[in-house]
Amino acid sequence: MALTSCSLLRLQPGSTGSIQRIEGMNPILRRRLADLGVSEGVMIRLKGKGPFMGPITLECNGQLFAIRRKEASMIEVKVS
Amino acid sequence: MSSIALVGNPNTGKTSLFNTLTSSYEYVGNWAGVTVEKKIGSLKNGAGKLIDLPGIYSLHPLSRDEGVAAQYLIEESPEALINIVDASQLERNLLLTLQLLEYGKPTILGLNMTDVAKARGIQVNPDILTEQLGIPVLPLIARTGKGTGQVLSVLEQPSHIPPVTFQLNYGELAEEAIASIVTHLHKISGLPNLRWVALQLLEQNPVILELLKKRMDISGLLLIADTAQTRLQQEKLALTLPQWIRSVRMDYIRKVCAEAIDSTLQKPHNLTERLDSILTHRFLGLPLFVLFMYAMFKTTFDWIGGPLSDLLDGFIGGQLSDWTNSLLGAIGASEFTHALIVDGLIGGVGGVLVFVPQIFILFLMISFLEDSGYMARVCLLMDSTMERMGLNGKAFIPFIIGFGCNVPAIMAARSIEQPKDRLLTTLLMPLMSCSARLPVYLLFAAVFFPAQQATAVLSMYVMGVVFALILCKFFSKHLFKNETSIFIIELPPYRMPQLKTLSRSTWEKGKGFLRKAGTIILAGSVLIWLMSYAGPGGLNVDMDHSFLAKFGGFIAPLLQPLGFGTWQAGSTLVPGFLAKEVVVSTMNIIYHAPDAAGLEGQIASVFTPLSSISFMAFILLYIPCLATVGVIKKETASWKWTFFSMGYSLILAYTVSLVIYQGGRLLGWS
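Keep in mind that this is a model prediction, so the values were computed, not measured. (Residues numbered from 1 in each chain as written. Chains lettered and ligands numbered in written order. Predicted model: local features only at pLDDT ≥ 70, side-chain atom pairs only at ≥ 80, totals over all residues. Heavy atoms only, no water.)

Observations regarding the overall build of chain B
- A tally of regular secondary structure across chain B gives 31 helices and ten strands.
- Projected onto its principal axes, the C-alpha coordinates of chain B cover approximately 85 × 55 × 55 Å.
- When burial is assessed residue by residue, chain B has 59% of its 670 residues classed as buried.
- In chain B, once contacts between residues fewer than 6 apart in sequence are set aside, the share between residues at least 24 apart is 74%.
- For chain B, the accessible surface area stands at approximately 26800 Å², while carbon and sulfur atoms represent 63% of it.
- Counting 50 positive and 49 negative side-chain charges, chain B places the centres of these two groups 4 Å from one another. (Helix = DSSP H or I, 4+ residues; strand = E, 2+ residues; numbered from the N terminus. Buried < 20%, exposed > 50% of the residue type's maximum accessible area, 1.4 Å probe, protein only. Contact = heavy atoms within 4.5 Å. Areas by Shrake-Rupley, 256 points an atom, 1.4 Å probe, with all protein chains shown as cover. Lys, Arg positive; Asp, Glu negative; His and termini not counted. Charge placed at Lys NZ, Arg CZ, Asp CG, Glu CD.)

So, in structure tokens, the structure goes:
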């Protein structure tokens, strides 16, 4: 099966990818994500996209959370 | 008396546990009803005090809330810790647990929400956890109180909790650095566990750095850390020391979890998924939220709160006044005492107390939204709007709390990570119509817009929000250039709030209002009554010749262009600065109104519909109340920003009222 890397934003709602790289993100946000267990190698699922270009909802380690699209675009995921 | 600290991640059920473990309940800090710094309660078994710290992810603080928790552990020395963790989120929760274990105080692990975990097919084995971490692990369901008896019995003798022996090996490089820092730290006394301090220093915890800086020259310690970091990089182990420490901990946690958790049967959150697919729907989400808000206001003002207030008003204005009158007559009270009690006290305080049912209902619904998990979704829904205005969606929760009272709302802004967002939220908070302004709206809406009361009141709230958004854009563009805002929010699973927790938090929030009624409003009413009773000509003068009239007449010309240039309106504004509740009680006294109906009659003859809107807008905007000013000063630690918030709101109020009144007149309204 071919592996492709893309920005988290490109995932279809409901689908899952494993985090490849997180780059260029605001350090405070980066730390907060790490607190939630979001780091390289972890599986992440895109649950939905908010209205008016609002934040996207993600699930990681059974925890639901939301971040803005701009920041989500800095997370690169691998999908199989 | 021993003290035990309750520590854990946000949304792990700390408050539920706190409520079940403690009987009496006091807040630290000057105001009630907030996630104030830390809550202290007495343990039910009398074994000591329980301190509830704000929810934190790690000891390295990002927001001010977290700073409070870290500071507490450094500066005070609790005898034991209860670390509460969410069994369905164990991996993430254990990161804090490890930091707490390194702190070295006797610790109990409260494994909470075992029912939720079980329902989702996650089985956590407490015995394996105990074995791995070396501390007592007690399975709990804090919401129902299951297992809390066991916690209490362990706490009976905090000294019996076994000491913590946990130690993680951070590898040769880091361990060398730790050991050499510890030898330096031996020189100063009064520090908690030295290994813990050393680790926190290596992690660059700002609170620890700050504390050490005060006690010693830390340049040597920083050098040790730097050297260790350089060597880590050379050996390609990690980019930074904090990252290295974190990864060592995560490796260990994964190992523990792999042994202690059986998640082969894990299922998704069905209820939460289904609710979220509707409530955070891209198109339906926002309209639903607006609908909920409308229902909330309708319930508060029309459906339940209003009728209850009417009942109370009937009692205070009718029976209570009659009883007092006959009692005073029977004991032969002087005319002065009689007037003081009936007009000053009952008229003033009673006029405000009638709003208690509505305020409590509003608080109850806000607590419900908070506890159910919906509030976090609201932040999510509002983020894109808030971002356009230069803030982030998280600021929305403080703003909603601000509808209850600005004071706790400003304190709730502490959960916002970025200083700029926090300051903006604080500065704009006074534009949220707090419950104290509500009586004014209710009074005027009842007189001038009887058919659309809820709409009239709601539009005042909306007006505040609209101005907050406009000013937010303006301030963030001109006062805080080049600062971006960030947004991340956890979405807890939906759950039915517990009646007990709801009633407790509603009471905690509403208590402040009652307390104010008993102090500031009482004193204000008496003072204002005295000023209306006395004048340059002596006591018991005609109100038009009283000190109050003289004073109100002094500012009245300024208010003339706004449509309410009477001494009566003018003289409500200054006491209104003390507390906005006093506006209505002042009116009760000035207009000598025996009850709401009487006051409404008087108002109808003095104001016009147009000037009433102008007056309501002025009351909404003109200046934060004294308590709010106090908390703004405290939270911003700056007189500049405190005066700024007072100044901009005064200018805004004058301009807006002027535009409303003069504009309305040009359009031919009256």
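Notes on the packing of aromatic side chains
Residues and elements named next belong to chain B.
- On inspection of all chains with the given rule, the structure shows 25 aromatic pairs over all chains.
- Arranged with centres 5.7 Å apart and planes meeting at 40°, the rings of phenylalanine 644 and tyrosine 648 form a pair that is tilted. Residue phenylalanine 644 and its partner tyrosine 648 are located together in helix H31 (residues 639-666), separated by four residues, close to a single helical turn.
- Residue tyrosine 648 is classed as buried on the basis of its relative accessible area of 9%.
- Three or more aromatic residues link up through ring pairs in this structure, and these residues are Phe444, Phe448, Phe564, Phe607, Phe615, Phe618 and Tyr622.
- Over the ring of tyrosine 494 we find arginine 377, and its NZ or CZ is 4.1 Å from the ring centre.
- The ring of tryptophan 641 carries the charged tip of lysine 640 above its face, separated from the ring centre by 4.6 Å. (Phe/Tyr/Trp six-rings, centres within 6.5 Å; stacked < 30°, edge-to-face > 60°. Lys NZ or Arg CZ within 6 Å of the ring centre and 35° of its normal.)

Some remarks on the nonpolar core
Residues and elements named next belong to chain B.
- Formed by 121 residues in total, the largest nonpolar core has its most connected members in Phe289, Leu428, Leu431, Phe444, Ile603, Phe607 and Phe615.
- If one sorts the elements of this core by residue count, helix H22 (residues 453-478) sits on top with eleven residues.
- The residues contacting phenylalanine 615, other than those within four sequence positions of it, are Val440, Phe444, Phe564, Ala569, Thr572, Leu573, Met587 and Phe607.
- Core analysis: the next-biggest nonpolar cluster, separate from the first, contains 75 residues, Leu81, Ala174, Val207 and Ile224 among them. (Core = buried A, V, L, I, M, F, W, Y, C linked by side-chain atoms within 4.5 Å.)

Concerning the confidence of the model for chain B
All names here are of chain B.
- Summing up the model confidence of chain B, the mean pLDDT is 85 and the portion of residues at 70 or higher is 97%.
- Within chain B, strand S2 (residues 22-27) has the poorest average pLDDT of any element, 60, and H31 the best, 95.
- ipTM for the predicted complex: 0.92, alongside a pTM of 0.76. (pLDDT = per-residue confidence, 0-100.)

What to know about the packing of helix H26 (residues 567-578) of chain B against helix H29 (residues 609-621) of chain B
Residue and element names in this part refer to chain B.
- Relative orientation of the contacting elements H26 and H29 amounts to 15°, with a least axis distance of 11 Å. When the interaxial angle is binned, H26 and H29 end up roughly parallel. Both H26 and H29 take part in a crossing whose hand is right-handed. Contacts between H26 and H29 involve Ala569, Thr572 and Leu573 from the former and Phe615, Phe618 and Ile619 from the latter. (Axes fitted to C-alpha atoms, helices over the stretch in contact; angles between N-to-C directions. Parallel < 35°, antiparallel > 145°, perpendicular 65-115°, else oblique. Left-handed = near helix turned anticlockwise from the far one by under 90°.)

Remarks on the UniProt feature "domain: Ferrous iron transporter FeoA-like" (unreviewed entry) in chain A
- Under the UniProt annotation, "domain: Ferrous iron transporter FeoA-like" (unreviewed entry) lies at residues 6-79 of chain A.
- End C-alpha to end C-alpha, residues 6-79 of chain A measures 8 Å, and it is 18% helix and 42% strand. (UniProt positions renumbered as here; feature names shortened; annotations may be inferred.)

Topic: the layout of surface pockets
Residue and element names in this part refer to chain B.
- Within this model, the largest pocket holds a volume of roughly 840 Å³.
- Considering every element that reaches the lining of the largest pocket, the biggest residue donor is helix H11 (residues 241-260), with eight residues.
- Looking at the lining of the largest pocket, its residues break down into nine nonpolar, nine polar and eight charged.
- When its volume is computed, the second largest pocket comes out at roughly 600 Å³.
- What lines the second largest pocket is a set of 33 residues, among which Asp313, Val354, Asp595, Ala596 and Glu600 lie closest to the centre. (1 Å grid on protein atoms, 1.4 Å probe; cavity = no way out; pocket = protein on both sides within 12 Å on 5 of 7 lines; lining within 4 Å. Points joined across faces, edges and corners; volume = space filled by probe spheres on them. Nonpolar A, V, L, I, M, F, W, Y, C, P; charged D, E, K, R; others polar.)

What about unusual backbone geometry?
- In this structure, methionine 53 of chain A is a non-glycine residue whose phi angle is positive, near 60°.
- Tracing the sequence through the fold places methionine 53 of chain A in the loop between strand S3 (43-49) and strand S4 (56-60).
- Phi angles above zero are rare outside glycine, and lysine 236 of chain B is one such case at about 55°.
- Looking at the element boundaries, lysine 236 of chain B is found in the loop between helix H10 (219-234) and H11.
- What makes lysine 236 of chain B exposed here is its relative accessible area of 73%.

Observations regarding the sheet that holds S4 of chain A
- Strand order in the open sheet made by the seven strands is S1(A)-S6(A)-S2(A)-S3(A)-S4(A)-S5(A)-S10(B), with antiparallel pairing throughout. Across the chains shown, the open sheet's two edge strands, defined by having one partner strand only, are strand S1 (4-7) of chain A together with strand S10 (488-491) of chain B. Taken over all neighbouring pairs, the strand axes of this sheet differ in orientation by 40° on average, direction set aside.
- Taken together, the four bridges between strand S2 (residues 16-22) of chain A and strand S6 (residues 75-79) of chain A define a ladder with antiparallel strand orientation. Counted as the bridge partner of serine 18 of chain A is lysine 78 of chain A from S6 of chain A.
- Packed onto the sheet, helix H1 (residues 27-35) of chain A meets S2, strand S5 (63-67) and S6 of chain A together with S10 of chain B and runs at close to 20° relative to S10 of chain B. (Pairing = 2+ DSSP bridges.)

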